[in-house]
Amino acid sequence: MKTFPPLGEDETLDSFYHGRILVIQKKKGYRFSVDAPLLADFIQTHASDSVLEIGAGSGIVSLLLSVKPFRRLLCLEVQRSLAELAERNIRLNRLEGRIRVVEKDLRQFRPRIKFDVIFSNPPYIKAGTGMPSRSAEKAIAKHEIKCDIFDIMRLTGRLLKKNGRAYFIYAATRSEDFRRALDEQKMKIRTLRWVFPRPDRPARWFLAECDFGASASTILPPLIVHDEKGQYTGEMERIFAGVAHG
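Let me sum up the structure you'll find in this document. Because the structure is a prediction, the values reported are computed rather than measured. Residue positions are given per chain, counted from 1 along the sequence in the order it is written. Local features in this predicted model are restricted to residues of pLDDT 70 or higher, and side-chain atom pairs are both shown and tallied only at a pLDDT of 80 or more, whereas totals for entire chains, interfaces and linings draw on every residue. Here the side-chain values reflect all heavy atoms present in the structure, with hydrogen atoms and water set aside.

As a rule of thumb, nonpolar side chains are buried together in soluble globular proteins. Working definition of a nonpolar core: buried Ala, Val, Leu, Ile, Met, Phe, Trp, Tyr and Cys residues. They are joined through side-chain atoms within 4.5 Å. Accessibility here uses a 1.4 Å probe with only protein chains present; expressed as a share of the type maximum, an area under 20% marks a residue as buried, one over 50% as exposed, and anything in between as partly exposed. Counting 77 residues, the largest nonpolar core has Leu38, Leu52, Phe119, Phe178 and Cys210 as its most contacted members. For this core, the element with the most residues is strand 7 (residues 160–171), which contributes 7 residues. Secondary structure elements are defined from DSSP: runs of H or I of at least 4 residues count as helices, runs of E of at least 2 residues count as strands, and each element is numbered from the N terminus.

What follows concerns the layout of surface pockets. Roughly 220 Å³ of internal volume is contained in the second largest pocket. The wall of the second largest pocket is formed by 15 residues, among which Arg72, Leu74, Arg100, Ile113 and Phe115 lie closest to the centre. For the lining of the second largest pocket, the secondary structure elements donating two or more residues are strand 3 (50–54), strand 4 (72–77) and strand 5 (99–103). Residue polarity is assigned by list, with Asp, Glu, Lys and Arg as charged and Ala, Val, Leu, Ile, Met, Phe, Trp, Tyr, Cys and Pro as nonpolar; anything else, Gly included, falls into the polar class. Across the lining of the second largest pocket, the residue classes tally to 9 nonpolar, 2 polar and 4 charged. Buriedness of a pocket was judged along seven lines, with at least five required to meet protein on both sides within 12 Å; pockets are open sets of points on a 1 Å grid over the protein atoms alone, cavities are sets where a 1.4 Å probe fits but cannot get out, and lining residues have an atom within 4 Å of a point. Grid points are joined across faces, edges and corners, and a volume is the space filled by probe spheres set on the points.

With that settled, the discussion passes to the packing of helix 1 (residues 35–42) against helix 7 (residues 234–241). Here the axes come from fitting lines to C-alpha atoms, over the contacting stretch only for helices, and the angles between their N-to-C directions go from 0 to 180 degrees. Between helix 1 and helix 7, whose axes approach to 9 Å, the crossing angle comes to 80°. Accordingly, the angle class assigned to the pair helix 1 and helix 7 is roughly perpendicular. The residues of helix 7 that touch helix 1, namely those facing Pro37, Leu38 and Asp41, are Met236, Ile239 and Phe240. In terms of residue class, the contact of helix 1 with helix 7 is built from 5 nonpolar, no polar and 1 charged. The labels follow the angle: roughly parallel below 35 degrees, roughly antiparallel above 145, roughly perpendicular from 65 to 115, and oblique for the rest. Between two residues, a contact is recorded if the distance between any of their heavy atoms is within 4.5 Å.

Before going further, it helps to examine the environment of Ser15. Within the secondary structure, Ser15 sits in strand 1 (residues 11–16). Ser15 sits in the partly exposed class, given a relative accessible area of 47%. The contact partners of Ser15, leaving out residues within four places of it in the chain, are Ile21 and Leu22.

A few words now on the packing of helix 5 (residues 149–159) against helix 6 (residues 175–184). Where helix 5 contacts helix 6, the two axes come as close as 9 Å, and the packing angle between them is 30°. Handedness of the crossing formed by helix 5 with helix 6: right-handed. Here helix 5 contributes Ile149, Phe150, Met153 and Arg154 to the contact with helix 6, which in turn contributes Asp177, Phe178, Arg180, Ala181, Leu182 and Glu184. Handedness of a helix crossing follows the sense of rotation of the near helix relative to the far helix, less than a right angle counterclockwise being left-handed and clockwise being right-handed.

The values are spatial; any link to function lies outside them.
And the structure:
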């Protein structure tokens, strides 16, 4: 049974996957959105996989991914406040034996190993655009302040095994930058899925499985977040429950 920790006045405790995963978040700092469970659901892992998350935040994607098989998972996070929060969440869910946090700028990260799986939910907002939050924690998580998609792909290209797989969720409006960053590393999209907020709205995100060997891309059916009445679709309800793919 999980032990519920004392929370700070600026924190909430949220549960996912019918209580299997607990997550402490800041009330006014960075809080994850629907894109986190979407990415966790999309990632495919095997029991022997060594996995890296680039930009872990509170650790939410790695925590949700823990219901799937892997050998070990390393969470890379540049912000001390979020790295410490991710460590608390790992302890809360008793995942210390499977998941570890490293607080470091990805541009200075030099591990001695390569990874079978790398994934990231990167900052979407291009440097010099948009209005950054007054919260530095939020701003760094959402805007390309500490890194951009090209930095993330350079690290991915360097640390992914030749037969490895990389998974991303990214803003639909940045698809050309994403493809250019992939091309620089001689990587290709193997599987692509567009995510629409509603059936009558433009795509907001896309999910991409990438590797070094793909000869063609498989386009999956679109994922619709809300139906015409504004309710979560059946697939989204299954994703939130952690049972979308069994």
